[in-house]
Amino acid sequence: MSDNSKYLWWQTGVVYQIYPRSFMDANGDGIGDLPGVIQRLDYLKEILGVDAIWISPIYPSPMKDFGYDVSDYCGIHPMFGSMANFDRLLEETHKRGMKLLLDLVPNHTSDEHPWFLESRSSRNNPKRDWYFWRDPLPSPANGRGAGGEDLPPNNWLSCFGGPAWEWDERTGQYYLHTFAKEQPDLDFRNPEVVEAMLDSMRFWLDKGVDGFRVDVITGMIKDALLRDEPANPAWDGVEPFASLQHIHSSNLPEVHEIIRRMRALVDSYPQRVLIGEIFALPNAELVKYYGANLDECHLPFNFGLIWIPWTLEAVRGKIEDYEAALPPGAWPNWVLGNHDQPRIATRAGRDRARAAAMLLLTLRGTPTWYNGDELGMENVTIPPELVQDPPAVNQPELAELLGRDPERTPMQWDDSPNAGFTSAGARPWLPLAADYKQVNVARQLEDPRSFLNFFRQLMALRKSSPALTVGSYRSLELGSPEAQANCFVYERQAEDQRLLVALNFSGREQALGLSLPGNGTILLSTGLDREGEIDLSKFSLAPNQGCLILL
Ligand code: GLC
Ligand code: CA
């Protein structure tokens, strides 16, 4: 075994994302909570073998964006439990040798946060300039507003539909909100705001939290002049937010300074990690969030595999491009799904979901796994009257495209009423998947060839293999053009361990035409139906199959 000790936990480990509203409800109100998470820690540790948990926001919040509208950065929402519950969660997580990461939401607060209440109370309140307050633009400035009405200060759009500005009657100005109108943006050009956010981070770091996933990290700095954004010539006419190029509201050079401050704070504690949520940037821009001196995010989330059609060409292209873009010393990471994106089993298709999992856990770098994907859970269609997610509620005609409820439905633990997520008589906050009686943890544990048992073996192999955790990556050219067009094969190597990952993206059998001599040993196949020695030169993959082979 190679010496993994020079690598840090966030490099060798697997991060598991818990969406707390939907993970486990301990008090029967239909909404997941911290005592519920504590009940399921053994599942994460003993059954899955997870190394770190990132939990979506659990702070006090009016829940207009389900916790991403924070009204107190240093508290716990009573719906999720108490601070004592949190301390216990942290202790129990650490006791099991796992790490706990919180979701930090600095870009905006809730409109019920005391900072905003003060800010909005009068034009000369000391916190007025913690947020973006601006006068209306008199019509017809900039050629807009032909009707003669006053206009918002610029043309920026909210990610959740409509303009990014909300009129405030009391003080006669607009305020900026990149997301819902109940989520006013903080102004990080104001040093007091930076200090206040660092203080909130310090509060949790002092408690022993192992790091943060920072929400919308690219958006914390806006153009100093708040200039209009140009039209997006590539717009497909569907989602209004995409009609502009967000060059003045996101990914500004000065944001890196703020991130360096956050990183310096995190680094003043031992073994903590800073992960940034980075949305829709080309790899060359994405990797800047490692910092010019690797002094920003340890892991700028790499969503490369999220926004692509699940085809070999797109997947292989993303991976090669990302590997090539990584600066020296930067540690890669990969994400397949989260609470904002359709589930991988829905995106890739049920038949290909196992190979997708094999891909994620065998690529070079830290994988982040979304709760429930280990069961092959799929998106759940939400009847219109039960839709809750703001972008879907605000833009009903786009609900199917933009709504995020379908990937946020309750975790399926067993086949009892309400799937063991909440008590039998309760009403879960989102409907359960119709197939939960078949697709659940208890049942899959009993089925030796289930998705869950496949996933467990994959996790165990990853953990015990230096090639997979810290080894090099190299993709292989295949001898058969047919296989080259349909299969992705790469090698991972550390010291004397060499592993081959072979993934078939097609629904047909593929003879790979590997130009490797001798025999290999199949350690794992996606269907848990193949193992043992094979002749490499004659090796074929079954339809949609993935195999992990020891060379
Ligand atoms: C991030 C979160 C998303 C939230 C948004 C606003 O993208 O992942 O759930 O709605 O930020 O905070
Ligand atoms: Ca509850």
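Residues numbered from 1 in each chain as written. Chains lettered and ligands numbered in written order. Predicted model: local features only at pLDDT ≥ 70, side-chain atom pairs only at ≥ 80, totals over all residues. Heavy atoms only, no water.

## Some points on the coordination of the calcium ion (ligand 2)
The expected angle between donors at a tetrahedral four-coordinate metal is 109.5 degrees. At an octahedral six-coordinate metal it is 90 or 180 degrees.
Line of reasoning, step 1. Within the protein, the atoms that donate to the calcium ion (ligand 2) are Asp25 (OD), Asn27 (OD1), Asp29 (OD), Ile31 (O) and Asp33 (OD), at distances of 2.3 Å.
Line of reasoning, step 2. Using a relative accessible area of 36% as the deciding quantity, one classes aspartate 29 as partly exposed. (Donors = N, O, S within 2.8 Å, 3.2 Å for Na, K, Ca; no water. Buried < 20%, exposed > 50% of the residue type's maximum accessible area, 1.4 Å probe, protein only.)

## Considerations on the site of ligand 1
Line of reasoning, step 1. Among the 13 residues in the neighbourhood of ligand 1, the closest are listed as Asp65, His108, Asp215, Glu277 and Asp340.
Line of reasoning, step 2. Within the side chain of histidine 108, an N or O atom sits 2.9 Å from an oxygen atom of ligand 1.
Line of reasoning, step 3. With respect to ligand 1, the side chain of aspartate 215 contributes an N or O atom lying 2.8 Å from an oxygen atom.
Line of reasoning, step 4. Protein chains bury 97% of the 310 Å² of accessible surface belonging to ligand 1 in isolation.
Line of reasoning, step 5. Partitioned by chemical class, the residues of the shell around ligand 1 number four nonpolar, two polar and seven charged. (Near = heavy atom within 4 Å. Polar contact = N/O pair within 3.5 Å; in protein donor to acceptor, adjacent residues only side chain to side chain. Areas by Shrake-Rupley, 256 points an atom, 1.4 Å probe, with all protein chains shown as cover. Nonpolar A, V, L, I, M, F, W, Y, C, P; charged D, E, K, R; others polar.)

## Quick look at the pattern of salt bridges
Line of reasoning, step 1. For the structure shown, the criterion picks out 34 salt bridges.
Line of reasoning, step 2. Arginine 263 is paired through a salt bridge with aspartate 267; the nearest N and O atoms lie 2.8 Å apart. With a gap of four residues between them, arginine 263 and aspartate 267 both fall in helix H7 (residues 255-267), about one helical turn apart.
Line of reasoning, step 3. On the accessibility criterion, arginine 263 (11% relative accessible area) is buried.
Line of reasoning, step 4. In this structure aspartate 267 comes out as partly exposed when scored by relative accessible area, which is 43%. (Salt bridge = Lys/Arg side-chain N within 4 Å of Asp/Glu carboxyl O. Helix = DSSP H or I, 4+ residues; strand = E, 2+ residues; numbered from the N terminus.)

## Some details on the sheet that holds strand E5 (residues 165-168)
Line of reasoning, step 1. Pairing is antiparallel across the open sheet formed by three strands, whose spatial order is E4-E6-E5. Across the chains shown, the open sheet's two edge strands, defined by having one partner strand only, are strand E4 (133-134) and E5.
Line of reasoning, step 2. Across four bridges, the pairing between E5 and strand E6 (residues 173-176) is antiparallel. By the bridge assignment, tryptophan 167 is partnered in E6 with tyrosine 174. (Pairing = 2+ DSSP bridges.)

## Some words on the pairing of strand E8 (residues 273-276)
Line of reasoning, step 1. Residues Val273 and Ile275 point to one face of E8 and Leu274 and Gly276 to the other, with burial holding for every one of them.
Line of reasoning, step 2. Pairing between strand E7 (residues 211-214) and E8: four bridges, direction parallel. Bridged to arginine 213 within E8 is isoleucine 275.
Line of reasoning, step 3. In terms of handedness, the path from E7 via H7 over to E8 forms a crossover that is right-handed. (Right-handed = clockwise from strand over helix to strand, strands pointing away.)

## Let's talk about the sheet that holds strand E14 (residues 497-504)
Line of reasoning, step 1. A sheet is described by the order of its strands in space; here six strands give the open sequence E12-E13-E14-E19-E16-E17, paired in antiparallel fashion. Two strands close off the open sheet at either side, each with one partner strand: strand E12 (472-475) and strand E17 (532-535). On average, each strand axis in the sheet is tilted by 30° relative to the strand beside it, whichever way the strands run.
Line of reasoning, step 2. Bridging between E12 and strand E13 (residues 487-494) involves four bridges; their strand directions are antiparallel. Following the sheet pairing, arginine 474 is matched in E13 by glutamate 491.
Line of reasoning, step 3. Against the sheet, helix H9 (residues 312-325) engages E12 and E13, with an angle of about 30° to E13.
Line of reasoning, step 4. With respect to the sheet, helix H15 (residues 451-464) is in contact with strand E16 (519-525) and strand E19 (546-550), its orientation differing from that of E16 by roughly 130°. (Axes fitted to C-alpha atoms, helices over the stretch in contact; angles between N-to-C directions. Contact = heavy atoms within 4.5 Å.)

## So, the domain arrangement of the protein
Line of reasoning, step 1. What the domain assignment lists for the protein is domain 1 (8-108 + 191-453), domain 2 (109-185) and domain 3 (471-550).
Line of reasoning, step 2. Each of domain 1 and domain 2 has a C-alpha centre, and these two points are 28 Å apart.
Line of reasoning, step 3. Every contact between the two is made by 35 residues of domain 1 and, on the other side, 28 residues of domain 2.
Line of reasoning, step 4. Of the roughly 2,600 Å² buried at the junction of domain 1 and domain 2 (both faces included), carbon and sulfur atoms supply 66%.
Line of reasoning, step 5. The largest contributions to the domain 1 side of the interface with domain 2 come from His108, Leu226 and Phe241, which together make up 24% of the buried area.
Line of reasoning, step 6. One can count one salt bridge joining domain 1 with domain 2.
Line of reasoning, step 7. Taking the shortest distance from any N to any O, the salt bridge between aspartate 185 and lysine 222 comes out at 2.9 Å.
Line of reasoning, step 8. The tally of links from domain 1 across to domain 2 stands at twelve residue pairs in polar contact (both at pLDDT 80 or more).
Line of reasoning, step 9. Elements with a minimum of two residues in the side of domain 1 that touches domain 2: helix H6 (191-207) and helix H12 (390-394). (Domains from an automatic or database assignment. Buried area = accessible area lost by both parts, 1.4 Å probe.)

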